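What follows is each chain in one-letter form.
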Amino acid sequence: MNERRIIALLGRRDEPTDAVEAYCRYLGGALHNRGFAVELARVSWLERGWPKALRELGEQTRDWRDSWVLVQYTALAWSARGFPVRIPRIIQQLRGAGARIAVVYHDVEPYSGARVIDKVRRRAQMRVMQQTRNAADLAVFTVPLDVISWLGPAPSNAVFIPVGANLPETAFSVANAAGRPSGPLRIAVYGITEGATGRNECERIVDALRFAARHGLYLRLHAFGRGAGEFESQLRVAFRDVTVEVCVDRVLPAEQVVEALSSSDVALFVRAPISSRRSSAIAGIACGLPIVAYAGPETVPPITEAGVVLTSPNKKSELREALLHVLSDAHFRAALADRSRQAYKRHFSWEAIAARYVEALTERS
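This one's a predicted model, so the numbers in the text were calculated from it and none came from an experiment.

As a further point, take the pairing of strand 7 (residues 185-190). The two faces of a sheet get side chains in turn, since along a regular strand they alternate between them. Counting buried positions along strand 7 yields 5 of 6 residues, so the element is predominantly enclosed. Note: strand 7 against strand 8 (residues 219-224), 6 bridges, orientation parallel. Note on strand 8: the bridge partner recorded for Val-189 is Ala-223. Handedness of the crossover joining strand 7 and strand 8 through helix 7 (residues 195-214) is recorded here as right-handed. Relative to strand 10 (residues 266-269), strand 7 runs parallel, the two being bridged by 2 bridges. Within strand 10, the residue paired with Ile-187 across the bridge is Val-266.

Next up, the structure:
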C-alpha cells in the first residue's frame, strides 16, 4: 500500500533545542505505522530573508497538490518579535498550490503584557490566529477547544489533539528495567525559564524543597533542560544548610531525559500552569511520575486524569504542602504514578496522538 503524504511545515529553528521539530519527528514516526509518510519542510526566513524564503517555498510546493500540509504555529517561529503577519500569505500560497492545509497551534493564546507594544503584538497575533483558523481545512489545537478564549463555539474545522512527550518510547523499557536508585527522594525539574521569570521559579522550587527538608526528608533535586544551567549557583547556595543534594544539567539527549525522569520520585512543574500543550510536563507523565504543578485555565481533562497534584500559583503554602504530601506518602505516590501511566497510554502516547490525527485528516479528505 502506498503511503499517504504529509508535509510538516516549520518556521525558524529554535535553539538550543527545537521542541516543535521534535514533535513533528515523533508524530511522523507514529503516523508512519498508520500508512502516512511525514516530510519536514522549513521556511528559512531568518537566514534567507522573507522574499527568498517565500520563493523557495513556492518551488517546494509544486508537487504538494492534494497533500496535507501541517503548518506549525508559534508566534516566534514566524516573526523575530512575535508579529506573525506573514502566515496568512503562506496559507494563501499553499492553497494556490492545491495543498490541504492544517494549522497546528502550539501557541493557543496571544501573548500577555501591559505595555503598548504588548497590546499591539497581542492584536496582531489574535488577528493572525483567527485568519488562519478560518482559512485552514483543519485547525488543530493542543488544548481543549472550550478553554480557548477567542475561539467561541467550536468551529467545524477545529479539533483538540494534545502534544506528546518529545521522548523515544523505546527508552522507557530500558529505564524501567534499571529501576529507581536507592538513597534520597528525588525531585525532577525539567526546564526553567530564563531571566527574571526563572529566578522566581527557582525561589518557588527552593521554598518547597526547604519546607520538605525541614520536615526530616532527605532530598535530591535534579534540575535539567533549557535554562537550568543559568540558575545552578542560585540553587546550590539556597540549599547549603539543608539536607538537599543538588544536581544541575543543561540540555540532555532525549534518552538521558527519560533516565533522569524515570529515576525520580516526583516531578515539580512550576514554569506555568500545567496543560495538554506542555510537553515537558507530559514527559513526566510519560515516565510514570506524580506531578506537583500549578493549575490554570487550561488545566482540564485529559491532563487532570494523570497523577497531578494541583496547587494555586498565588498560594506558596499550597506548593509546599503538596510536595511534602507526595514525598511523605509512598502509597499516594504509587497511586499517582499509576494514574500518570494510564493517562499517558490513553491520551499522550504518540500512538494515541497519531490515531486522533488519522481520524481528523480522514474525515476531511
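As a further point, take the sheet that holds strand 10. Paired through backbone hydrogen bonds, the strands of a sheet run either parallel or antiparallel to each other. Within the open sheet, the 6 strands sit side by side as 9-8-7-10-11-12. Their pairing is parallel. Single-partner strands in this sheet number two, and they are strand 9 (244-248) and strand 12 (308-311). The sheet shows a mean angle of 20° between the axes of neighbouring strands, direction not considered. One ladder, built from 5 bridges, connects strand 8 with strand 9; its direction is parallel. Note that in strand 9 the partner of His-222 across the bridge is Cys-247. Its contacts with the sheet put helix 7 on strand 7, strand 8, strand 9, strand 10 and strand 11 (291-294), and the angle it makes with strand 8 is roughly 165°.

Conventions adopted
Residues numbered from 1 in each chain as written. Predicted model: local features only at pLDDT ≥ 70, side-chain atom pairs only at ≥ 80, totals over all residues. Heavy atoms only, no water. Buried < 20%, exposed > 50% of the residue type's maximum accessible area, 1.4 Å probe, protein only. Helix = DSSP H or I, 4+ residues; strand = E, 2+ residues; numbered from the N terminus. Pairing = 2+ DSSP bridges. Right-handed = clockwise from strand over helix to strand, strands pointing away. Axes fitted to C-alpha atoms, helices over the stretch in contact; angles between N-to-C directions. Contact = heavy atoms within 4.5 Å.

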